[in-house]
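Report on the structure
Single-letter residue listing:
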Amino acid sequence: MRTQVGIVGAGPAGLLLAQMLHQRGIDAVVLEARSRAHVESRIRAGLLEQGAVETMDEAGVAGRLHRDGLVHHGLQLRFGGQGHRVDLSGLTGGKVVTIYGQQEAVKDMIAIRLAAGLPLHFEVDDVAVHDIATARPRITWRQDGQDRALDCDVIAGCDGFHGICRPSIPPAALTVFDRAYPFAWLGILSRSPPMSEELVYARHADGFALATMRSRSVSRLYLQCAPDEDLSAWSDDRIWSALRRRLGDTLEEGPILQKGVTAMRSFVAEPMRHGRLFLAGDAAHIVPPTGAKGMNLAIADVRVLVCALEAFFAGRGEALMDAYSATCLDRVWKVQRFSWWMTQLLHRYDDHDAFEERVRMAELDYLAGSTAALTTLAENYVGLPYAV
Ligand SMILES: Cc1cc2nc3c(=O)[nH]c(=O)nc-3n(C[C@H](O)[C@H](O)[C@H](O)COP(=O)(O)OP(=O)(O)OC[C@H]3O[C@@H](n4cnc5c(N)ncnc54)[C@H](O)[C@@H]3O)c2cc1C
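All of the points below concern the structure found in this document. Just so it is clear, the structure is predicted and the values come from calculations on it, not from any experiment.

Attention now goes to the pattern of salt bridges. In a structure, side chains of opposite charge can pair up when their charged atoms sit close to one another. Evaluation of the coordinates by the stated rule reveals 27 salt bridges. Close ionic contact of Arg-85 with Asp-87 constitutes a salt bridge, the shortest N to O distance being 3.9 Å. Ionic contacts of the salt-bridge type, sharing partners, join the residues Arg-64, Asp-68, Glu-104, Lys-107 and Asp-108 into one network.

Spatial ordering of the open sheet is given by 6-5-14-15-16-13-17-20, a layout of eight strands whose pairing is mixed. Each end of this open sheet is capped by a strand with a single partner; those strands are strand 6 (82–86) and strand 20 (285–286). Alignment of strand 14 (residues 199–202) against strand 15 (residues 209–213), held across three bridges, turns out to be antiparallel. Residue Ala-202 lies in a different strand from strand 15, and its bridge partner there is Ala-209. Sheet contacts for helix 7 (residues 236–247): strand 5 (75–79), strand 13 (175–190), strand 14, strand 15, strand 16 (219–225) and strand 17 (256–270); angle to strand 16, the most-contacted strand, approximately 85°. Along the sheet, helix 9 (residues 319–346) contacts strand 13, strand 14, strand 17 and strand 20; its crossing angle with strand 17, the most-contacted strand, is approximately 130°.

Membership of the largest hydrophobic core comes to 77 residues, with the highest contact counts inside it found for Val-5, Ile-7, Leu-17, Leu-48 and Ile-139. Residues contacting Ile-7, with those up to four places away along its chain left out, are Gly-14, Leu-17, Ala-18, Leu-21, Ala-28, Val-29, Val-30, Leu-31, Ala-156 and Cys-158. Residues Phe-183, Tyr-222, Trp-341 and Met-342 belong to the second largest nonpolar core, which totals 33 residues.

Spatially, 3-7-4 is the arrangement adopted by the three strands of the open sheet, whose pairing is antiparallel. Strands at the two margins of the open sheet, each flanked by one partner only, are strand 3 (47–48) and strand 4 (70–72). The pairing of strand 3 with strand 7 (residues 97–99) spans two bridges and is classified as antiparallel. Looking at strand 7, one finds that Leu-47 is bridged to Ile-99.

In the vicinity of the ligand there are 29 residues, among which Glu-32, Arg-42, Gln-102, Tyr-222 and Asp-282 approach most closely. For the ligand, a nitrogen atom lies 3.1 Å from a polar atom in the backbone of Ala-33. Tyr-222 is positioned such that a nitrogen or oxygen atom in its side chain is 2.4 Å from an oxygen atom of the ligand. Relative to its unbound accessible area of 980 Å², the ligand is 84% covered by the protein chains. Elements supplying a minimum of two residues to the shell around the ligand: helix 1 (12–23) and helix 8 (294–313).

Our next topic: the pairing of strand 1 (residues 5–8). The alternating pattern of strand 1 places Val-5 and Ile-7 and Gly-6 and Val-8 on opposite faces, both of which are buried. As defined by bridge partners, strand 1 adjoins strand 2 (residues 28–31) across four bridges and the pair is classed as parallel. Looking at the pairing, Val-5 lines up with Ala-28 of strand 2. Taking the sense of rotation as the criterion, the β-α-β connection linking strand 1, helix 1 and strand 2 turns out right-handed. Pairing of strand 1 with strand 12 (residues 154–157), which is carried by four bridges, proceeds in the parallel orientation. The residue bridging Gly-6 from the neighbouring strand is Ile-155, located in strand 12.

Criteria and cut-off values
Residues numbered from 1 in each chain as written. Predicted model: local features only at pLDDT ≥ 70, side-chain atom pairs only at ≥ 80, totals over all residues. Heavy atoms only, no water. Salt bridge = Lys/Arg side-chain N within 4 Å of Asp/Glu carboxyl O. Pairing = 2+ DSSP bridges. Helix = DSSP H or I, 4+ residues; strand = E, 2+ residues; numbered from the N terminus. Contact = heavy atoms within 4.5 Å. Axes fitted to C-alpha atoms, helices over the stretch in contact; angles between N-to-C directions. Core = buried A, V, L, I, M, F, W, Y, C linked by side-chain atoms within 4.5 Å. Buried < 20%, exposed > 50% of the residue type's maximum accessible area, 1.4 Å probe, protein only. Near = heavy atom within 4 Å. Polar contact = N/O pair within 3.5 Å; in protein donor to acceptor, adjacent residues only side chain to side chain. Areas by Shrake-Rupley, 256 points an atom, 1.4 Å probe, with all protein chains shown as cover. Right-handed = clockwise from strand over helix to strand, strands pointing away.

Quick look at the structure:
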């Protein structure tokens, strides 16, 4: 088998890339390790920057997003027992963010690809990439008990943090920046109306909490917890009472549909390209979810990669492919900074450095009262301008 772009991974990055390449007449084959049902039901991110929605619009995959997505013009910061609204639209010349579950976006893109009869293989095993430093890289895998191989011009490693593409790059060719945080998030999905029309980010003496949503009847709620938190120690009652303490009494309870612990990490692998292998999304970088940036950053990488591949396959040379990593990393590091900043500002640190604690409270107080500081938060939250 042969294709122009072999894509490893059918998450937001791989599926969007495949669709945008298809729009430009570039062939791609997508290989996904898990089943369709699994990737369509994996609860993860849910907040899209304005530019991410526009990108999905341009890609022709935003129909249901516009019907079912919830447009938000602001958010609330809670600290010292009080709420402070951040007018995202007012501070950014009218920009908004949209709540739409990642798994819904994934469902939409899978349906569009399969309806068009384009290649997307689920449940592939033993995926490996070969000859990535040459002009004829190859992907091999096992499917239905048979060995398969795909010759490509380019391979896109969109296989997330635990995928095989990044580890296929010789370690000496990569520089890794990694920071683990001394806390995690215990997240629940609950059949209950959101506590507020907008997201609530709370800093509380017990730790951070976030109230967000997936629809008008399904809430997504998070609590700061230990990185090795034992979920079995958290009964539904204990979860709801911890959430109420941190977020306030207006929180409505409902049946918990799903719960899990999400690790908090900042990670960047540089460069995001080795020969003809290009990494995009979580395969190259991870942000702590506080700034809601993981899926948005994956979409931003894909935009840059599509431009580079379009130029390459149109015979306009490799200059944009050569610039791919630097162009992406410029945004990646700005988003890393913002995600780190939101995380350290809003979480409780158990080593309890009293000085830093006071500085964080002073910063929050300043933030809430300063249009300049709030504008910085708002323009990062709705999404920085794209390079391409
Ligand atoms: C558990 C979890 C919870 C998260 N929660 C939040 C959140 O609450 N809020 C937030 O803003 N962000 C969250 N994120 C981040 C956000 O979901 C990611 O940034 C986003 O999924 C990145 O998209 P991606 O396409 O790069 O990677 P992924 O979505 O990880 O997609 C990678 C795909 O590659 C597949 N794959 C892996 N290995 C192979 C292989 N060897 N061969 C073939 N396919 C392979 C995987 O099955 C997967 O489908 C979370 C991430 C995780 C992992």
